[in-house]
Structure formats: C-alpha cells, structure tokens
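Take a look at the letters that make up each chain.
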Amino acid sequence: MLYHLLYPLHSVFGGFNVFRYITFRSIGAIITGFVVVLVLGPAFIRFLKRLQIGQVVREDGPETHFSKEGIPTMGGAFILAAITFSTLIWADLTSRYVWLVLGLTLWFGLVGAVDDYRKIKKKNSKGLSAKGKLFFQILGATVAGAILFSHHGFDSHLTIPFFKQVNFDLGWFYILFAVLVIVGSSNAVNLTDGLDGLAIGPTVVSGSVYLVFSYLAGHAVLSSYLQIPFVPGAGEVAVFCGALVGSSLGFLWFNTFPAQVFMGDVGSLALGAALGSVAIITKQEILLIIVGGIFVMEAISVILQVGFFKMSGGKRIFLMAPFHHHFEKKGWEEPKVVVRFWIISIVLGLAAIATLKLR
Ligand code: 57M
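Residues numbered from 1 in each chain as written. Predicted model: local features only at pLDDT ≥ 70, side-chain atom pairs only at ≥ 80, totals over all residues. Heavy atoms only, no water.

### With respect to the nonpolar core
What counts here: Here, nonpolar core means buried Ala, Val, Leu, Ile, Met, Phe, Trp, Tyr and Cys residues that are tied together by side-chain atoms lying within 4.5 Å of each other. The cut-offs for exposure are 20% and 50% of the maximum accessible area for each residue type, with area from a 1.4 Å probe on protein chains only; residues under the lower value are buried, those over the upper are exposed, and the others partly exposed. Note on contacts: a residue pair qualifies if any of its non-hydrogen atoms lie within 4.5 Å across the two residues.
One finds I83, Y210, F240, I280 and I281 to be the most contacted residues of the largest nonpolar core, which totals 83 residues. Ignoring sequence-local partners within four residues, the contact set of I281 consists of Y97, L100, V101, L148, V231, A234 and V237. Residues I294, F318, F323 and F327 belong to the second largest nonpolar core, which totals 9 residues.

In structure tokens:
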C-alpha cells in the first residue's frame, strides 16, 4: 500500500524515494509484524480465553504436558492476520508472487483452523481426519503449483545447492514436486510444534534466510554473480518473508516457555506452507532441507518411529517421536530441548547462506 501511495510522491518529497527499495520495505514489514503481534497479543489471548479456545492435551503424551491443558490455542490466526496486514502495507501489490504466497498461506491456515476448531468443539485431539487434512493441503498446493508453472517464463529446472552446473528440467512433474515441498514442509512444521517455542524459532530463522534468498533471486546482477537462478519479481517475496519473520518474533514473545498461547494447526500448517512456497518461488527448494533441517529431522523421526513400530510389532527406535519428545523422556527440561533445537536451526540457517559461496 505505502509503496503505491508514497513512492509516486518522491518527486515532491525526496525522502519517499526510499519506498522503492525492497530492503527498506522488508525491514518495515518485519517491524510492523512484530509490533502488531506484540501490542495486540495480550488482547488476542484474552479473546481466545473468552471463547474458551483451549488446548486439549492427549493423555498418551509426556506427563509434563498435562499441565498445558486449556492453554489458549489457535494463536496462529493472529500470526496470519499480522502477516497479511504487514504484507498489504509494505509490499508492491501488483506482485503476483506476493498474492500467490499469501493466498496459499491463508488457505493452509483455513485447513488448520477447521482442524483446530473441530478438536476444540469435539474436545478431542483428533480434529479433521488425516485424509481430509491431506486432501485439502494437496488441493491448495496443486493449484499454486499449476499457477506457478503456467507463469510465462517459469523455469521448471531443479537447482541443487553446491552444484551450480547441475539442474534437471522436471517439466510437468514440477507441479508434483511443488506439492511435495509445500505439503511436506507444512506437515513437518506441524509435527515440530510440540514444545513451547519449538516451531516458531526455526520459522524465524528459515523466514530470515528466505528473505535474503528472495532478494538475491529477484536481483539480476547479484543472482548472476552468485550463479543462482534469476527469478524476475521474486524480490517482492522478501517483503512477505519480512512480515512472516516479524509476526513470528512477536508470537515467540508469548509462546516461549511457559507458553501463554499455542499457534494451533492454523499456524503450523500455514507457516510450513509459506516456507515451502517461498522455497519454490525462489527456486531454492532443495535448500529447504538445510534451512528447515529441524523440521526435516522431526518429520524423519516420526517416519522412522512409526515405520519401525509397525514392522517390529511395537518396538521403538526413539523413546518417543517426534524427536523432541525423545529428549523430554531422557529427562531434558523443555526449555533446554527448545533452545538447543534453536541453536541447531541457526547453524543450519548460516550453512544455507554459506552455500551461496560454496559452489
Ligand atoms: C502436531 N501437536 C502437539 C498445539 C500446537 C504420527 C504422530 C507422530 C503425530 C503426532 C501429532 O499428533 N502431531 C500433531 C503436534 C500438540 O500441539 C498442538 O498442536 C498444534 C500444532 N499442530 O500449536 O495446539 C501438543 O504439543 C504441546 N505443545 C507445547 N507447546 C507449544 O508451543 O507444549 C504445542 C505447542 C500440545 C502441547 O502439549 O497439546 C502434539 O504433540 O500433539 N503425534 C505426536 O506427536 C505424539 N507422538 C506419538 O504418538 N508418538 C508415538 C508414535 C509416533 C508411534 C511414539 O513415538 O510411540 C506425541 N504428542 C502427543 N502425545 N500430544 C506424543 C503423544
């Protein structure tokens, strides 16, 4: 909005020229998202309490979680509201990539909200059926993948970190690949969101890394110098990433141990889909495995645990999956597990940025 309102006035007031810069507007989006959630967060938490939207905690979980029963959940709805507000304020609203990422994020948020609401209404932690949730996720991701693929000049080549010269042309299969990345990252963040601050911390890290990659991918000179795919118009997605990072930081203020609010599936599914779709647009899909390494590790721990559990007739690889519960069962205090996962996430984020030079 501000870009359209104020930049044209730069001939009258030179200072408004700053609104043309994506870097300035991305920082504006970070600050706006953060301030909106920080200032209005307490009122929103009171609102959730008034509506009695409290967490239903499963009996088969770690005993330390039983005291979390009733903590307000669906805080992710507020994160998404702040992301939307901040993006609309700071982004160039003629950018089709911004509308695509925002629309997909809100679609996954809607799927999560229905799941959360059914869990709360039915007072059980089942919610939407797994098949139902997956169907609507795949539907949204397929539409987004098809829209992207149909964009004039969209490049369906796959880029591999560290190997600049290697890229496969997936052709139509790119849509399937995009669905895999978006739905995979959405569910990986969802599985990770099981301890106070555990999912939102790595989301801040991943969103920050993809803010940088969006800016570089959309920059003709820098992308050429760094030998990464040039995606004209991808730079505006950095503003969306800024809104995501700022809003997530604001949410972390209330979600850190002991959490005053949980994000709910409305938050975790949406944030995961947002990261997956940004990875697709910037053509840094494989990089998401490094940047989102915590999410990947959590998802793999579940796949291994459930697979081995079924094959071995009930034996476990980990004390409990996802991985964060394994350390809780080993006696680590919750904050210790969370901060150590954050440390790993930050190191992986830095490693992801380092791939720009290691080619
Ligand atoms: C998403 N949801 C949390 C909260 C959050 C296949 C199986 C591995 C699936 C998995 C599962 O059910 N995952 C669902 C994780 C839940 O958090 C809610 O869900 C939203 C995110 N989707 O926003 O609303 C609980 O997590 C805790 N929590 C916090 N702080 C937070 O900031 O403490 C969440 C956010 C909340 C709260 O206690 O109630 C969750 O864990 O369900 N299942 C599991 O993760 C279960 N693992 C399991 O069954 N493992 C077995 C299988 C794999 C064979 C095994 O290892 O033997 C664990 N989760 C629970 N109970 N709740 C263990 C059992």
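### Focus on unusual backbone geometry
Trans peptide bonds make up the majority, and among non-glycine residues the majority have a negative phi. To be explicit about the condition: Helix and strand definitions here come from DSSP, where helices need a minimum of 4 consecutive H or I residues and strands a minimum of 2 consecutive E residues; each element is numbered from the N-terminal end.
Following F257, the chain continues to P258 via a peptide bond in cis, the omega torsion being -10°. Of note, P258 is situated in the loop between α9 (237–255) and α10 (264–281). Look at Q227: it is not a glycine, yet its phi comes out positive at around 55°. Note on placement: Q227 falls in the loop between α8 (220–225) and α9. Classification of Q227 as partly exposed rests on a relative accessible area of 43%.

### Here we look at the environment of H4
Let me state the cut-off plainly: We define a polar contact as two N or O atoms separated by no more than 3.5 Å, with the added condition that, inside protein, one atom must be a possible hydrogen donor and the other a possible acceptor, whereas residues neighbouring each other in sequence contribute only through side-chain atom pairs.
One can find H4 in helix α1 (residues 2–6). Excluding residues within four positions of it along the chain, H4 makes contact with A91, D92, L93 and T94. A polar contact is formed between the side chain of H4 and the side chain of D92, at a distance of 3.4 Å.

### A word on the site of the ligand
Short version of the rule: Near is defined per residue: the residue qualifies when any heavy atom it owns lies within 4 Å of the molecule or strand. To be clear on the numbers: accessible area is Shrake-Rupley with a 1.4 Å probe, and residue cover counts the displayed protein chains and nothing else.
Lining the immediate surroundings of the ligand are 30 residues, of which Q55, N190, D193, G264 and R316 lie closest. One nitrogen or oxygen atom from the side chain of R316 is found 2.6 Å from an oxygen atom belonging to the ligand. When isolated, the ligand has an accessible area of 1,000 Å², and the protein chains bury 86% of it. Listed by contribution, the elements that provide at least two residues to the shell around the ligand are α6 (173–192), α10 and α12 (293–311).

### Comments concerning the side chain of Q137
Positionally, Q137 belongs in helix α5 (residues 130–150). We classify Q137 as buried; its relative accessible area is 1%. Once residues lying within four places of it in the same chain are set aside, the contact partners of Q137 are F108, V183, S186, N187 and L269.

The analysis is restricted to geometry; functional conclusions fall outside its scope.
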